[in-house]
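# Commentary on secondary and tertiary structure
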Amino acid sequence: MNWIRKALKGLSLTSAMFVFQACYGTGPGFMCQETTFHVVADDTGDPLEGMEVFVGSREDVDTNDVVTTDADGYVSLGVCSDYGSVVGFSIFDKDSVYNPVDTLIYINEADTVEIRMTKKI
């Protein structure tokens, strides 16, 4: 009789877990989000227009995937990745006046990320 009680407890626990997952689902596994950067000069704080932002490393840059900052130094781009994962970005200028910046950002961050660029010496 004791083994029947244990079997029924295990079965009811498994059933409850199944119902919970069916009602609430699993956590978000993949998400897309718009990430905004504000690129400014480190020494003056002035916005930098025409800075190029790329998702990934500079070695993998494809000119079709590069977006440039506007006159106010802002750029937004959509990024899709696993929820909570880290995504790498590269920020650089085609004239090579500023040192390139590589940064990692958690995909679930919603704030604007400020990037301060320093001039090459």
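Residues numbered from 1 in each chain as written. Predicted model: local features only at pLDDT ≥ 70, side-chain atom pairs only at ≥ 80, totals over all residues. Heavy atoms only, no water.

### Notes on the pairing of strand S5 (residues 86–92)
A large share of S5 lies buried, amounting to 5 of its 7 residues. Strand direction decides the pairing type here: S5 and strand S6 (residues 101–106), joined by 6 bridges, are antiparallel. Bridging across to S6, Ile91 finds its partner in Val101. (Buried < 20%, exposed > 50% of the residue type's maximum accessible area, 1.4 Å probe, protein only. Helix = DSSP H or I, 4+ residues; strand = E, 2+ residues; numbered from the N terminus. Pairing = 2+ DSSP bridges.)

### Let's talk about a nonpolar patch on the surface
Among the surface-exposed residues, Val86, Leu104 and Tyr106 lie close enough to one another that they form a single nonpolar patch of about 330 Å² accessible area. In this structure, Leu104 sits in strand S6. A residue is classified by how much of its surface remains accessible, and Leu104, at 65% relative accessible area, is exposed. (Patch = residues over 30% accessible without salt bridge, like charges linked within 9 Å, V, L, I, M, F, W, Y side chains within 5 Å. Areas by Shrake-Rupley, 256 points an atom, 1.4 Å probe, with all protein chains shown as cover. Salt bridge = Lys/Arg side-chain N within 4 Å of Asp/Glu carboxyl O.)

### Concerning the environment of Asp43
Following the sequence through the fold, Asp43 ends up in the loop between strand S1 (30–41) and strand S2 (52–55). Judged by its relative accessible area of 59%, Asp43 is exposed. Taking C-alpha positions, Asp43 is 8.5 Å from Lys119, a pair spaced 76 residues apart along the chain.

### Quick word on the nonpolar core
Of all hydrophobic cores here, the largest spans 18 residues; its most connected members are Phe37, Val39, Phe89, Ile91, Ile115 and Met117. Listing elements by their share of this core, those giving two or more residues are S1, strand S4 (74–82), S5, S6 and strand S7 (113–117). (Core = buried A, V, L, I, M, F, W, Y, C linked by side-chain atoms within 4.5 Å.)

### So, the confidence of the model for the protein chain
Looking at the protein chain, the pLDDT average stands at 79 and 69% of residues meet or exceed 70. Per-element confidence in the protein chain is highest for S7, whose mean pLDDT is 91, and lowest for helix H1 (residues 2–24), whose mean pLDDT is 68. (pLDDT = per-residue confidence, 0-100.)

### A short note on the sheet that holds S2
What the 4 strands build is an open sheet, ordered S3-S2-S5-S6; its pairing is antiparallel. Edge positions in the sheet fall to strand S3 (67–68) and S6, since each of these pairs with one other strand and no more.

### Description of the pattern of salt bridges
Counted under the stated rule, the structure contains 2 salt bridges. In this structure, the salt-bridge partner of Asp42 is Arg116, at a minimum N-O distance of 3.2 Å. One end of the pair, Asp42, is in the loop between S1 and S2; the other, Arg116, is in strand S7, with 74 residues separating them in the sequence. A residue is classified by how much of its surface remains accessible, and Arg116, at 39% relative accessible area, is partly exposed. Ionic contacts of the salt-bridge type, sharing partners, join the residues Asp42, Glu114 and Arg116 into one network.

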